[in-house]
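Now for the letters of each chain:
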Amino acid sequence: MQRLVAERAVEMAAGRPLYIGPVTLRPRFNAVATSVQLSARRAATVDDGYAAEFVPEATDPRQASTAVAAWLVCSATSLAIPGVTGLTYFEAWGPRGLRAASGETYPVGIAFDWLTELAGWDLCDGAPAPGTVGLLIAQHAGRIALLAGNIGDESQELTVQLAGDALAGTLDRITLGGLHSAAHQLTP
């Protein structure tokens, strides 16, 4: 669905820069509210997060899980299409963030940092793979980065065939579900 929404938004933008976000696990506001509903307490510190204090249950307990890191890669794969200038995800700190208020980086923060490293790279393939795996391949200055996120319940075997001289280089990172990274040399 995120890919369809992004494609439609690009059409509506008609060539203007398009920024999508904030993309979060749960709504940050009630778009169909008929009255103001305050949560039990307002966010006073980063421990509570920065925003969404008016939305009960805006915090998803899965935020610190590895599964959210895989979901982020799949989401970015779906949303990173020609015409989208930028993406914004989550909050920086706190229970809806990339890092805990204590400074500990959640797995989703690691995946976010990997995606941030690809700013300015050429997207080779941003199409969601069939099933539960999202695969993002980018290249820049003879280097290739591959990010894969498995949002399924079972392990997946992934075979990637890269063809052509344009895709020769060093593969910088691989991740499937868990946050494992490895460097591999690729040849066409």
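The structure we're discussing is the one just above.
Residues numbered from 1 in each chain as written. Predicted model: local features only at pLDDT ≥ 70, side-chain atom pairs only at ≥ 80, totals over all residues. Heavy atoms only, no water.

A. Broad picture of the side chain of Arg99. Note that Arg99 resides in strand E4 (residues 97-99). Under the relative-accessibility criterion, Arg99 is labelled buried at 18%. Look past the residues within four positions of Arg99 in its chain and what remains in contact with it is Ala92, Trp93, Gly94, Glu104, Thr105, Tyr106, Gly109 and Asp113. (Helix = DSSP H or I, 4+ residues; strand = E, 2+ residues; numbered from the N terminus. Buried < 20%, exposed > 50% of the residue type's maximum accessible area, 1.4 Å probe, protein only. Contact = heavy atoms within 4.5 Å.)

B. Broad picture of the packing of helix H1 (residues 2-13) against helix H2 (residues 66-79). Taken N-terminus to C-terminus, the directions of H1 and H2 make an angle of 35°; their axes are 8 Å apart at the nearest point. H1 and H2 meet at a crossing whose hand is right-handed. Counting all contacts with H1, which are made through Gln2, Arg3 and Ala6, the residues of H2 involved are Trp71, Ser75, Thr77, Ser78 and Leu79. Tallied by class, the residues present in the contact of H1 with H2 amount to three nonpolar, four polar and one charged. (Axes fitted to C-alpha atoms, helices over the stretch in contact; angles between N-to-C directions. Left-handed = near helix turned anticlockwise from the far one by under 90°. Nonpolar A, V, L, I, M, F, W, Y, C, P; charged D, E, K, R; others polar.)

C. Fine view of H1. Over its 12 residues, H1 extends 16 Å from the first C-alpha to the last, a length consistent with the 16 Å expected when each residue adds 1.5 Å. The set of residues buried in H1 consists of Arg3, Ala6 and Ala13. Down the axis of H1, the sector holding all buried residues measures 90°, keeping them to one side. What points out from H1, more than 90 degrees from its buried face, is the exposed set Leu4, Val5, Glu11 and Met12. (Expected span 1.5 Å × (residues − 1). Arc of directions from axis to C-beta.)

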